[in-house]
Amino acid sequence: QVQLVESGGGMVQAGGSLRLSCAASGSIFSINAMGWYRQAPGKQRELVATIQSVGSTNYADSVKGRFTISRDNAKNTVYLQMNRLKPEDTAIYYCNTKLRTTAWGRPYDYWGQGTQVIVSS
């Protein structure tokens, strides 16, 4: 069993900041990529940012320069620092991780329950 617990969402005015956290726990052998996705009402889920185990990162163009993804491998935790937030950043943010539960298994995707971010204008 693997659990992803997210925290840090909320409501903020445009231009403000929020920091999301997602901690993975349970039967984890190793974690490959960790990342954040978001889904706004009426839209498909989209990638926000990912970070590999070695630290390389990837960002959606819409958040480059404003959001920063980081991870603490010792704590199996990924963070998303969101600065200069815009109303169009309003969405449910989901944590994602690709991990192995055994040494011989292939990586599987796991998702958090989602945390709401609302940015008011």
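Structure: above.
Presented here is a report on the structure given in the accompanying data block. (Residues numbered from 1 in each chain as written. Predicted model: local features only at pLDDT ≥ 70, side-chain atom pairs only at ≥ 80, totals over all residues. Heavy atoms only, no water.)

What follows covers the overall build of the protein. Along the protein, the regular secondary structure elements total zero helices and eleven strands. Listed N to C, the secondary structure of the protein is β-β-β-β-β-β-β-β-β-β-β in terms of helices and strands. At 14 Å, the protein has a C-alpha radius of gyration in line with the 14 Å of a compact globule built from 121 residues. For the protein, with 121 residues in total, the buried portion stands at 40%. A separation threshold of at least 6 residues defines the contact pool for the protein, and within that pool the share at least 24 residues apart is 55%. Accessible surface, the protein: about 6,500 Å² in total, of which carbon and sulfur atoms supply 49%. The averaged location of the 7 negative side-chain charges in the protein is 3 Å from the averaged location of its 13 positive side-chain charges. (Helix = DSSP H or I, 4+ residues; strand = E, 2+ residues; numbered from the N terminus. Rg over C-alpha atoms; globule rule 2.2 N^0.38 Å. Buried < 20%, exposed > 50% of the residue type's maximum accessible area, 1.4 Å probe, protein only. Contact = heavy atoms within 4.5 Å. Areas by Shrake-Rupley, 256 points an atom, 1.4 Å probe, with all protein chains shown as cover. Lys, Arg positive; Asp, Glu negative; His and termini not counted. Charge placed at Lys NZ, Arg CZ, Asp CG, Glu CD.)

A few words on the side chain of Glu6. For Glu6, the location among the structural elements is in strand E1 (residues 2–7). In this structure the side chain of Glu6 is engaged in a polar contact, spanning 2.6 Å, whose partner is the backbone nitrogen of Gly114. Within polar-contact distance, the side chain of Glu6 engages the backbone nitrogen of Thr115 at 3.3 Å. (Polar contact = N/O pair within 3.5 Å; in protein donor to acceptor, adjacent residues only side chain to side chain.)

The strand order E1-E3-E8-E7 describes an open sheet built from four strands, whose pairing is antiparallel. Here the strands that pair on one side only, and so sit at the sheet edges, are E1 and strand E7 (67–72). Averaged over all neighbouring strand pairs, the angle between strand axes comes to 15 degrees, with direction disregarded. Here E1 pairs with strand E3 (residues 18–26) via six bridges, running antiparallel. In the sheet register, Glu6 faces E3, and the bridge partner there is Cys22. (Pairing = 2+ DSSP bridges. Axes fitted to C-alpha atoms, helices over the stretch in contact; angles between N-to-C directions.)

Trp36, Leu80, Met82 and Tyr93 are the most contacted members of the largest nonpolar core, which totals 29 residues. At the level of elements, E1, E3, strand E4 (30–39), strand E5 (46–51), E7, strand E8 (77–82), strand E9 (91–100) and strand E11 (115–120) are the ones that each hand at least two residues to this core. (Core = buried A, V, L, I, M, F, W, Y, C linked by side-chain atoms within 4.5 Å.)

All right, on to the side chain of Arg71 then. One can find Arg71 in strand E7. A distance of 2.8 Å separates a polar atom in the side chain of Arg71 from the backbone oxygen of Asn32. Reaching out from Arg71, the side chain makes a polar contact with the backbone oxygen of Ile51 at a distance of 3.2 Å. Once residues lying within four places of it in the same chain are set aside, the contact partners of Arg71 are Ile31, Asn32, Ala33, Met34, Ile51, Gln52, Ser53, Thr77, Val78 and Tyr79.

As a further point, take the pattern of salt bridges. Applying the stated criterion to the full structure yields five salt bridges. Between Arg38 and Glu46 there is a salt bridge whose closest N-O contact spans 2.7 Å. We note a salt bridge from Asp61 to Lys64, for which the minimum N-O separation is 3.1 Å. By relative accessible area, Asp61 is classed as exposed at 64%. Salt bridges linked by common partners bring Arg38, Glu46, Arg66 and Asp89 together as one network. (Salt bridge = Lys/Arg side-chain N within 4 Å of Asp/Glu carboxyl O.)

Any functional reading would require information beyond the geometric quantities listed.
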